[in-house]
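Listed below are the residues making up each chain.
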Amino acid sequence: MKLSATRLKELAAQHGTPLFIIDHDIIRRNYRLFKKHLPAVQAYYAVKANSNPEIVRTLFDEGASFDVASYNEFMQVYTYLRHFNPKEKNFYIWDKIIFSNTIKDHQTLAKIKKYRPLMTFDNADEVRKIAQYCDTAGLVLRLKVPDIGSQIEMSSKFGAEPADALALIRQAFDSGLVVEGLSFHVGSQCTNFENYSTALQLTAEIFNEARRQGYPLKIVDIGGGFPVPYDSDSPRFEKLAHIIAAECKRLFPADTELIAEPGRFIVATAAVLVSEIIGKARREGKLFYHINDGVYHTFSGVVYDHWIPNFRALRKGKEEVCAVVGPTCDSFDKITTAESLPGNLRIGDLLVTANIGAYSIASSTKFNGFDGARILHLNTL
Ligand SMILES: Cc1ncc(COP(=O)(O)O)c(C=O)c1O
């Protein structure tokens, strides 16, 4: 986001700090970039990346679909469908929402049964649970695929072994359910594009064999993981999109419905955080800047998302390696101990963190009584 230092200072003075600024033009730009390079793939924004209602609205207005993980996220999206007539609503639920958490408690299944939702699963017990509590669902079998080198791995917790896939599909159909397709997730911030080509190859073998056996699969869901240009070394999305488009064309029949669940890619670059230095101390020779946001709040991604934070000071000075730490009384609340910053920053000076839109406020807590950042929306329509 290109906001000048003067503008950032003005906004901080006007709204206070910490200030989480979301630029909706960038959200729209990222979504359109995704669609431009993968026109055959319907994008289901992964609400978990940032569930802020204004973001969901902007993407809904852009025509996005949504990947949800809980009843509350489901209802957050469903709100926008309420005014449709029943026929349209049925069509839109299918087209707009996928419940992509492979394990759902039976209370949630019972509550969403009336919406005939599309949902993922990856094991035999889940098939039994869905058959009992939500037999209106359309199923998507999530496969375990390589996630080598991704910032966040997925395969240790999710995905059926490919060798078990056909038996699970058979079990679902035998239980009276319908398997609509297959899905995978190569891990978040996937910079190793081999993961996608291997996953697509593996998915195609199962998809085509299932069809040969008479199971009419339609959907291939390529998940999330699309990399964000956090730094100049990050591989380009355009290159990945080219690989995916070519591989999908080569591997799947022309009538396959391709969908994806991008989260980080849509929102990461759309937000910037302005925090304020509230204390300064030298500890064992190292300069510590204490700021009014931390790992229990907007920087929660440092813990949950293995995110490497970035800081820029709005005052110039001779740089040294500093620690930047949060406001809570917990010594764990250290955002970084290795950031190069001017040594002459003062209490009241501002720090700016770019590309903090994904997995940040989504997992922020109220620990120690701190409220977390105010949210400012720019360029909403
Ligand atoms: C099932 C599923 N789909 C999509 C996503 C979004 O992934 P990303 O933010 O890497 O695009 C996640 C992230 O955890 C996920 O668990």
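Draft legend 1. Structural view of the overall build of the chain. Looking only at helices and strands, the chain features twelve helices and 16 strands. The C-alpha radius of gyration computed for the chain amounts to 22 Å, which stays within 12% of the reference 21 Å derived for 381 residues, consistent with globular compactness. Oriented by its inertia axes, the alpha-carbon framework of the chain measures out at about 70 × 40 × 35 Å. Here the chain holds 381 residues, and the buried ones make up 44% of them.

Draft legend 2. Seen up close, the pairing of strand 6 (residues 138-142). Of all five residues making up strand 6, four are buried, and the element is well covered by its neighbours. The pairing of strand 5 (residues 118-121) with strand 6 spans four bridges and is classified as parallel. In the sheet register, M119 faces strand 6, and the bridge partner there is L139. For the segment spanning strand 5, helix 7 (residues 124-133) and strand 6, crossover handedness is right-handed.

Draft legend 3. Geometry of the sheet that holds strand 4 (residues 97-99). Spatially, the eight strands close up into a barrel ordered 2-3-4-5-6-7-8-9, and their pairing is parallel. The sheet shows a mean angle of 30° between the axes of neighbouring strands, direction not considered. Across the face of the sheet, helix 4 (residues 71-78) comes into contact with strand 3 (65-68) and strand 4 while running at roughly 165° to strand 3.

Draft legend 4. Summary view of the domain arrangement of the chain. You can read the domains of the chain as domain 1 (5-21 + 270-378) and domain 2 (25-267). Here the C-alpha centroids of domain 1 and domain 2 sit 34 Å apart. Domain 1 puts twelve residues into the contact, and the matching count from domain 2 is 16 residues. Looking at the side of domain 1 that touches domain 2 residue by residue, the classes come out as seven nonpolar, four polar and one charged.

Draft legend 5. Structural context of the site of the ligand. With respect to spatial proximity, 16 residues lie near the ligand, and among them A46, S188, G224, G263 and R264 are the closest. Along the lines of polarity and charge, the residues of the shell around the ligand split into five nonpolar, seven polar and four charged.

Draft legend 6. Spotlight on the nonpolar core. In terms of nonpolar packing, the biggest core is built from 104 residues, with Y45, I97, L139, L141 and V267 touching the most fellow members. At six residues, helix 9 (residues 194-212) tops the list of elements feeding residues into this core. Residue assignment places this core across two domains, with domain 1 (5-21 + 270-378) and domain 2 (25-267) each supplying three or more. Not counting residues up to four positions away in its chain, the partners in contact with L141 are F121, D122, A160, A165, L168, I169, V179 and L182.

The rules behind the values
Residues numbered from 1 in each chain as written. Predicted model: local features only at pLDDT ≥ 70, side-chain atom pairs only at ≥ 80, totals over all residues. Helix = DSSP H or I, 4+ residues; strand = E, 2+ residues; numbered from the N terminus. Rg over C-alpha atoms; globule rule 2.2 N^0.38 Å. Buried ≥ 20, exposed ≤ 12 C-beta atoms within 10 Å, placed from the backbone. Pairing = 2+ DSSP bridges. Right-handed = clockwise from strand over helix to strand, strands pointing away. Axes fitted to C-alpha atoms, helices over the stretch in contact; angles between N-to-C directions. Contact = placed C-beta atoms within 7 Å. Domains from an automatic or database assignment. Nonpolar A, V, L, I, M, F, W, Y, C, P; charged D, E, K, R; others polar. Near = placed C-beta within 6 Å. Core = buried A, V, L, I, M, F, W, Y, C linked by C-beta atoms within 7 Å.

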